[in-house]
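Structural characterization, general
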Amino acid sequence: MSIFSKIAAGEIPSYKCAENEEFYAFLDINPLVKGHTLVIPRREVDYIFDMEDDELARFEVFAKKVAVAIKRAFPCVKVGQAVLGLEVPHAHIHLVPMQSEKDMNFSNPKLSLSKEEMQEAADKIWTEFVKE
Ligand code: 5GP
């Protein structure tokens, strides 16, 4: 089981932002900015472009809804989307509230937020997320 599968299953704690039967969204533990969120399929698949077209489409639509919630929770110019997958072999989309393109530089130093700040950020996104 990948670390992200364990997170989606609740076996490893995370700051949950949104979920449905198929997908799960939680805060990146080393955020580029406040509100930096990861979106994953519960199904274990490493490479996003190995996903079938239908599943990939549903994944993106779910990510879009999370992005809408992030933008409401953390006012920004746009929510940027990135897929790297160089560290964790479980497909995931990074959603980052951007004030400028610099916020999408994954070489930037990461923020160090307290547990309370992380929980507050996740709760804000959770509150804004519109469930099906
Ligand atoms: P990538 O695979 O996209 O290159 O990077 C993986 C991302 O997942 C990183 O931004 C890293 O901070 C995040 N990450 C790695 N392990 C954990 C974890 O256990 N919990 C959470 N919330 N994020 C993680």
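For clarity, every value in this text was computed on a predicted model and none was experimentally measured. (Residues numbered from 1 in each chain as written. Predicted model: local features only at pLDDT ≥ 70, side-chain atom pairs only at ≥ 80, totals over all residues. Heavy atoms only, no water.)

Here the focus is the layout of surface pockets. Considered as a void within the structure, the largest pocket measures approximately 450 Å³ in volume. Around the largest pocket, the lining comprises 22 residues; the ones closest to its centre are D28, L38, E87, V88 and H94. Elements that contribute at least two residues to the lining of the largest pocket include exactly α1 (3–8) and β2 (23–27). Sort the elements by how many residues they give to the lining of the largest pocket and α1 lands first, with three residues. (1 Å grid on protein atoms, 1.4 Å probe; cavity = no way out; pocket = protein on both sides within 12 Å on 5 of 7 lines; lining within 4 Å. Points joined across faces, edges and corners; volume = space filled by probe spheres on them. Helix = DSSP H or I, 4+ residues; strand = E, 2+ residues; numbered from the N terminus.)

Take the nonpolar core next. Generally speaking, soluble globular proteins have nonpolar side chains that are buried together. Within the largest apolar cluster, 29 residues are counted, with the highest numbers of intra-cluster contacts made by L27, V39, F62, V66, L95 and I125. Elements with a minimum of two residues in this core: β1 (16–19), β2, α2 (53–73), β5 (93–98) and α3 (115–128). Considering each element in turn, this core owes the most residues, eight residues, to α2. Once residues lying within four places of it in the same chain are set aside, the contact partners of F62 are A18, E19, N20, F23, Y24, A25, V39 and F129. The next biggest cluster of nonpolar side chains, apart from the first, holds eight residues, and it includes F4, I7, Y24 and L38. (Core = buried A, V, L, I, M, F, W, Y, C linked by side-chain atoms within 4.5 Å. Buried < 20%, exposed > 50% of the residue type's maximum accessible area, 1.4 Å probe, protein only. Contact = heavy atoms within 4.5 Å.)

This part covers the site of the ligand. Surrounding the ligand, one finds 16 residues, the nearest of these being L27, D28, E87, H92 and H94. I29 has a polar backbone atom sitting 3.3 Å from a nitrogen atom of the ligand. Contact distances for the ligand include 3.5 Å between an oxygen atom and a side-chain N or O atom of N30. Its free accessible area being 510 Å², the ligand has 87% of it covered by the protein chains. If you map the ligand onto the pockets, it falls in the largest pocket. Counting residues per element, the ones that place at least two in the shell around the ligand are α1 and β2. Broken down by element, the shell around the ligand gets its largest block of residues, three residues, from α1. Considered class by class, the residues forming the shell around the ligand number 10 nonpolar, four polar and two charged. (Near = heavy atom within 4 Å. Polar contact = N/O pair within 3.5 Å; in protein donor to acceptor, adjacent residues only side chain to side chain. Areas by Shrake-Rupley, 256 points an atom, 1.4 Å probe, with all protein chains shown as cover. Sits in = over half its atoms within 2 Å of the grid points. Nonpolar A, V, L, I, M, F, W, Y, C, P; charged D, E, K, R; others polar.)

Counted under the stated rule, the structure contains one cavity of 30 Å³ or more. Around the largest cavity, the lining residues are L27, D28, P31, V33, K34, G35, H36, L113, M118 and A121. Split into classes, the residues belonging to the lining of the largest cavity amount to six nonpolar, two polar and two charged.

As far as function goes, none of this settles anything; it's purely spatial.
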